Amino acid sequence: MLTLGLETSCDETSASLTDGRRVLANIVSSSVHLHKRYGGVVPEIASRFHVEYIIEVIAKALENPHKTLKDVKLVAVTNGPGLVGALLSGISVAKALGYSLKRPMIGVNHILAHLYSSFLSEGPTPAFPFVGLVVSGGHTTLFYCKAIGSERLLGSTQDDAVGEAYDKVAKILGLGYPGGPVIDRLAKKGTRNAAISFPRSYLGKDSLDFSFSGIQTAVLYHVRKRDRRPETIDRKETADICYAFQEAALDALVEKVRRACEVTGARRVVIGGGVAANSRLRDKMRELAAFSSMKIYFPELKYCMDNAAMIGYLGEVLYKKGKRSDLYLSAEPNLGVLNVK
Ligand code: KG4
Ligand code: ZN
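Within each chain, residues carry numbers counting from 1 in the order of the written sequence. The order in which chains are written sets their letters, starting at A; the order in which ligands are written sets their numbers, starting at 1. Note on the predicted model: pLDDT of at least 70 is required for a residue's local features to be given, and 80 or more for side-chain atom pairs to be given and counted; whole-chain, interface and lining totals, by contrast, use all residues. The side-chain figures draw on all heavy atoms in the structure; neither hydrogens nor water molecules are used.

Requested: an account of the pattern of salt bridges, with residues and values cited.
Any Lys or Arg side-chain nitrogen found within 4 Å of a carboxyl oxygen on Asp or Glu counts as a salt bridge. The full count for this structure, using the stated rule, is 17 salt bridges. Across the pair R200 and D251 runs a salt bridge whose closest N-O atoms are separated by 2.8 Å. Pair noted here: R200 is in the loop between α6 (179-187) and α7 (213-224) and D251 is in helix α8 (residues 235-264), with a separation of 51 residues, a long-range link. With its nearest N and O atoms 2.6 Å apart, the salt bridge here joins E247 to R280. Linking E247 in helix α8 with R280 in helix α9 (residues 279-291), this pair joins segments that are 33 residues apart in sequence. For every residue, the accessible area (1.4 Å probe, protein chains only) is compared with the maximum for its type, and the residue is labelled buried under 20%, exposed over 50%, or partly exposed between those bounds. Given a relative accessible area of 5%, E247 falls into the buried group. The class for R280 is partly exposed, based on a relative accessible area of 25%. Starting at the N terminus, helices and strands are each numbered in turn, a helix being any DSSP run of H or I of at least four residues and a strand any DSSP run of E of at least two.

Residue-level account of the site of ligand 1, with values.
If even one non-hydrogen atom of a residue comes within 4 Å of a molecule or strand, that residue is called near it. The environment of ligand 1 is made up of 21 residues, and the closest members are G137, D167, G180, D184 and N278. By the criterion applied in these results, polar contacts are pairs of N or O atoms within 3.5 Å in which, for protein atoms, one can donate a hydrogen and the other can accept it, and in which residues neighboring in sequence qualify only through two side-chain atoms. Contact between ligand 1 and S136: an oxygen atom at 3.4 Å from a side-chain N or O atom of the residue. At 3.0 Å, a backbone N or O of G274 approaches an oxygen atom of ligand 1. Note on areas: Shrake-Rupley with a 1.4 Å probe; residue coverage comes only from the protein chains shown. Protein contacts shield 91% of the accessible area of ligand 1, which totals 550 Å² for the unbound molecule. Counting only elements with at least two residues in the shell around ligand 1, the list comes to α4 (110-115), α5 (162-172) and α6. Top contributing element to the shell around ligand 1 by residue count: α6, with four residues. Looking at the shell around ligand 1, its residues break down into seven nonpolar, 11 polar and three charged. For the shell around ligand 1, the two domains that each supply at least three residues are domain 1 (3-115 + 303-339) and domain 2 (127-298). As a working rule, the residues Ala, Val, Leu, Ile, Met, Phe, Trp, Tyr, Cys and Pro are called nonpolar, Asp, Glu, Lys and Arg charged, and the rest polar, with Gly in that last group. For the purposes of this description, domain bounds are those given by an automatic or database domain assignment.

Quick one: what's the story with α8, residue by residue and with numbers?
Here α8 contains 30 residues, and its C-alpha end-to-end distance of 43 Å stays within 8% of the 44 Å for a straight helix at 1.5 Å per residue. For α8, the tally of buried residues reaches 24 of 30 residues, placing the bulk of the element in the interior. N-capping of α8 is provided by D234, with a side-chain oxygen placed 3.2 Å from the backbone N of K236. Of the residues one or two after α8, G265 is the one with positive phi, at around 80°. Here, expected helix span is obtained from the residue count minus one, scaled by 1.5 Å.

Quick rundown of the packing of aromatic side chains? Include the residues and the values.
Here the distance between the centres and the angle between the planes together describe a pair of aromatic rings. A pair of aromatic rings is counted whenever rings of Phe, Tyr or Trp (Trp by its six-membered ring) have centres within 6.5 Å, and the orientation is called stacked for planes under 30 degrees apart, edge-to-face for over 60 and tilted otherwise. On inspection of all chains with the given rule, the structure shows 10 aromatic pairs. Arranged with centres 5.4 Å apart and planes meeting at 85°, the rings of Y116 and F119 form a pair that is edge-to-face. Summarising the burial analysis for this pair, Y116 and F119 share the class buried. Centroid distance F210 to F212: 6.2 Å. Interplanar angle 10°. Geometry classified as stacked. The pair F210 / F212 is uniform in exposure class, with both members buried. A network of ring pairs unites the aromatic residues Y116, F119, F128, F130 and Y313 as a single cluster. Across the ring face of F210, the terminal group of K256 is positioned such that the distance to the ring centre comes to 5.8 Å. Charges are assigned to positions over rings by a cutoff of 6 Å between ring centre and Lys NZ or Arg CZ, combined with an angular limit of 35 degrees from the ring normal.

An account of the coordination of the zinc ion (ligand 2) is requested, with residue identities and associated values reported.
Note that water is not among the atoms used; donors are N, O and S atoms within 2.8 Å of the metal (3.2 Å for Na, K and Ca), so sites may look incomplete. Only H110 (NE2), H114 (NE2) and D306 (OD) from the protein reach the zinc ion (ligand 2) as donors, at distances of 2.0 to 2.1 Å. Coordination at the zinc ion (ligand 2) is tetrahedral: its four donor atoms span angles of 97 to 132° at the metal. In terms of primary sequence, the donors binding the zinc ion (ligand 2) are separated according to H-x3-H-x191-D. Of this pair, H114 sits in helix α4 while D306 sits in the loop between β10 (295-297) and α10 (309-320), and the two are 192 residues apart along the sequence. With relative accessibility at 15%, the residue D306 sits in the buried group. In these descriptions, tetrahedral denotes four donors with every angle between 85 and 135 degrees, square planar four donors and octahedral six donors with opposite donors over 155 degrees apart and the rest between 65 and 115, and irregular any other case.

Any chance you could break down the domain arrangement of the chain for me, citing the residues and the numbers?
Entries for the chain in the domain assignment read domain 1 (3-115 + 303-339) and domain 2 (127-298). Contacts are assigned to residue pairs with any non-hydrogen atoms lying within 4.5 Å of each other. Each side of the interface is counted separately: domain 1 has 21 residues, and domain 2 has 21 residues. Applying the counting rule to domain 1 against domain 2 returns zero salt bridges. Taken together, the connections running from domain 1 to domain 2 amount to three residue pairs in polar contact (both at pLDDT 80 or more). The set of elements that each furnish at least two residues to the side of domain 1 that touches domain 2 consists of α4 and α10. A per-class count over the side of domain 1 that touches domain 2 returns 15 nonpolar, three polar and three charged.

Listed below in structure tokens is the structure:
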């Protein structure tokens, strides 16, 4: 069943053609270069970029597999959470296509799409049940998943998402936007430094929630100490700060996953979202898995960041389970996972 996926929730304009787990095309055009000078995503710039490029991106997705819009059997589109204007641009295109092609259309939850993005990878899919962790610029959410469409919320962040913490710390250190990839790279050059340590926030011994605001404040105070500006900090110290920040942030993720497995009895862990691309997180989670005889699944790198293939895949699975949207589908910027059982 050929599904056209559309993703426009933030700063990536993406269209895909998928057939079950098979990805025939996954085109991503990012407006990140336009946001860099502002140190974060500017919603209006993101929306304008989607409106300008979405048709070109869809045309590119059709090009290589030599398909036409008439071959499409289902249109799947992100309808939340995300930036409202950005979401509306993709939803409007999805509606126009569904209506004119006389094809069904389905709105897809972006967080759940990240959760199942490792199903797109070649090789065996993770067996249910498992503990799922979505770590991105907007979300840090822990689930217990019994099947697609049957997820239980275990915990989420009480303040910032972990990707947001990477972005803010990078801004404090003058490293640009987005912060995740650059901190990942610099942290490899850093080492444990007795003068630099940041708090790990575990929120009580039974909590499955997260908090990352304390680490960010600690980094800010460290940089402000002795009245220094980021540009006066030498490269070795910047690398050591990145190292210490990353260790503190990731230890909290690993510990909550460990607790979630203990509480639910799950033996498998599935991770998704932009921060799932992080090399140190992958190492730490693999260590946990080896130590506890668990299996761990990560998406391929190209499916970690926002992409339409994950939307198309989940949309098709849900459609086959009987879910569909009508032409009143609208953007749900705060669409959470609280309705998830
Ligand atoms: O999933 P995503 O593309 O968008 C959202 O749904 O938010 O995630 C983007 C986030 C950004 O905060 C970015 O800094 C972070 O993912 N990120 C990383 C890495 N690559 C991207 N964080 C840590 N390490 C990375 N290698
Ligand atoms: Zn995302």
